[in-house]
Amino acid sequence: MIKLEKYKLFSKRYIARGLVEEYVEREDIEEGWISYIVDLLQIPIYLILSIPCRLPICSHLMEIISRIWERGRFGFFLRATYYRTKLGSIGQNVFIDQNASLFGCKNIFIGHDSHIDTGVVLICGDGKLSIGSYCHIANNVVINGKPFVNIGDYTAIAAGAKIYGSTTKPTAKCMSPMAPLFMTETIEIGIDIGENALVGLNTV
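Throughout what follows, the structure given in this document is the object of discussion.

Calculation rules
Residues numbered from 1 in each chain as written. Predicted model: local features only at pLDDT ≥ 70, side-chain atom pairs only at ≥ 80, totals over all residues. Heavy atoms only, no water. Helix = DSSP H or I, 4+ residues; strand = E, 2+ residues; numbered from the N terminus. Buried < 20%, exposed > 50% of the residue type's maximum accessible area, 1.4 Å probe, protein only. Contact = heavy atoms within 4.5 Å. Areas by Shrake-Rupley, 256 points an atom, 1.4 Å probe, with all protein chains shown as cover. Pairing = 2+ DSSP bridges. Axes fitted to C-alpha atoms, helices over the stretch in contact; angles between N-to-C directions. Left-handed = near helix turned anticlockwise from the far one by under 90°. Nonpolar A, V, L, I, M, F, W, Y, C, P; charged D, E, K, R; others polar. Salt bridge = Lys/Arg side-chain N within 4 Å of Asp/Glu carboxyl O. Core = buried A, V, L, I, M, F, W, Y, C linked by side-chain atoms within 4.5 Å. Phe/Tyr/Trp six-rings, centres within 6.5 Å; stacked < 30°, edge-to-face > 60°. Lys NZ or Arg CZ within 6 Å of the ring centre and 35° of its normal. Expected span 1.5 Å × (residues − 1).

A count of helices and strands for the protein gives four helices and 16 strands. Taken over 204 residues, the protein has a buried fraction of 43%. Counted over contacts in the protein with a minimum sequence separation of 6, partners at least 24 positions apart contribute 31%. Of the accessible surface of the protein, which amounts to about 11,700 Å², a share of 62% is contributed by carbon and sulfur atoms.

Written out as structure tokens, the structure is:
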């Protein structure tokens, strides 16, 4: 039996909230017939849009469209569709803003109900970056996931924070990563940030 839930980018609850004029966190939001229809339609729309996202020739065009599309319901849906085909995994109700930049996508894993804000740069390369559920990565945060960075559930990374799993040793002959290898020495330690944590403004 095919599990339709795995094709849903947003839960019916979030769709019902999105149909309300103002963003609210209330328990009395009714999941009406419109939200049921939108909930069902998101599956064929996702399947149709994911086809060009997986084709090498069209993939870059889809990325450009998803990045320039303004904030809004369809913009978030478009980016969620694109990144589901590129990331290692992405949960439901994940909001990625239009000016976020993700590199090494196949090694980036994001839980459900998380928000990647505008100006965020996630760099993974051959490392691993894992972001839990209900996390908020605020604007202009930079995270380098080499060799690994793990961020627990319900964690907030405040604006301007910089998180690096590796760095150049102070004793190295040269600090530039573009220098020959014999002149540089890299420390690769990795970072674990637990659940319910707060990384403050402009933290390094």
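There's plenty left to go through after this.
Another aspect to go through is the sheet that holds strand 12 (residues 162–164). Judged by pairing direction, the sheet is parallel, and its four strands sit side by side in the order 3-6-9-12 without closing on themselves. In the strand order of this sheet, the two ends are held by strand 3 (101–103) and strand 12, each with one partner. In this sheet, neighbouring strand axes are inclined to one another by 0° on average, regardless of whether the strands run parallel or antiparallel.

Packing of helix 3 (residues 56–68) against helix 4 (residues 73–84) leaves a shortest axis separation of 9 Å and a crossing angle of 145°. Seen from above, helix 3 lies across helix 4 with left-handed handedness. Across the interface between the two elements, S59, M62, E63, I65, S66 and R67 of helix 3 pack against L78, R79, Y82 and Y83 of helix 4. For the contact of helix 3 with helix 4, a count of residues per class yields five nonpolar, two polar and three charged.

A few words on the pattern of salt bridges. Counted according to the given criterion, the structure contains two salt bridges. For K146, the salt bridge is made with D126, and the minimal N-O distance between the two is 3.9 Å. In this pair, K146 is assigned in the loop between strand 9 (142–144) and strand 10 (148–151) and D126 in the loop between strand 6 (121–123) and strand 7 (128–131), connecting sequence segments 20 residues apart. Judged by its relative accessible area of 31%, K146 falls in the partly exposed class. Looking at D126, the relative accessible area reads 63%, which means it is exposed. Overlapping salt bridges bring together D126, K146 and E188 as one network.

Counting 38 residues, the largest nonpolar core has I116, L122, I131, I137, I143, I151 and I157 as its most contacted members. Put simply, the parts of the chain that give this core at least two residues each are helix 2 (33–54), helix 4, strand 4 (108–110), strand 7 and strand 10. The greatest single-element share of this core, amounting to five residues, is contributed by helix 4. Sequence-distant contacts of I151, that is, excluding residues within four places in its chain, are made with S130, I131, G132, C135, I137, I143, I157 and I193.

Here we come to the pairing of strand 10. Alternating positions in strand 10 separate cleanly, V149 and I151 being buried on one face and F148 and N150 remaining unburied on the opposite face. Taken together, the four bridges between strand 7 and strand 10 define a ladder with parallel strand orientation. By the bridge assignment, L129 is partnered in strand 10 with V149. Sheet topology places strand 10 next to strand 15 (residues 191–193); three bridges connect them, and they run parallel. If you follow V149 over to strand 15, its bridge partner there is I191.

To describe a pair of aromatic rings, one takes the distance between the centres and the angle between the planes. Tallied over the full model, the rule gives five aromatic pairs. Here Y82 and Y83 contribute two aromatic rings whose centre-to-centre distance is 5.1 Å and whose plane-to-plane angle is 80°, an arrangement assigned as edge-to-face. Seen from their ring centres, Y134 and Y154 are 5.0 Å apart, and the 0° between their planes marks the pair as stacked. On the criterion of sequence distance, the pair formed by Y134 in the loop between strand 7 and strand 8 (136–137) and Y154 in the loop between strand 10 and strand 11 (156–157) is long-range, its members being 20 residues apart. On the accessibility criterion, Y134 (40% relative accessible area) is partly exposed. Between the NZ or CZ atom of R84 and the centre of the ring of Y46, over which it lies, the distance is 5.6 Å. The positively charged end of K128 is found above the aromatic ring belonging to F109, 5.3 Å away from the centroid.

For helix 4, which comprises twelve residues, the first-to-last C-alpha distance of 17 Å matches the rise-based estimate of 16 Å (1.5 Å per residue) to within 8%. In terms of burial, helix 4 is largely enclosed, as ten of its twelve residues are buried. Turning to helix 4, its buried residues number three or more, namely G75, F76, F77, L78, R79, A80, T81, Y82, Y83 and R84.

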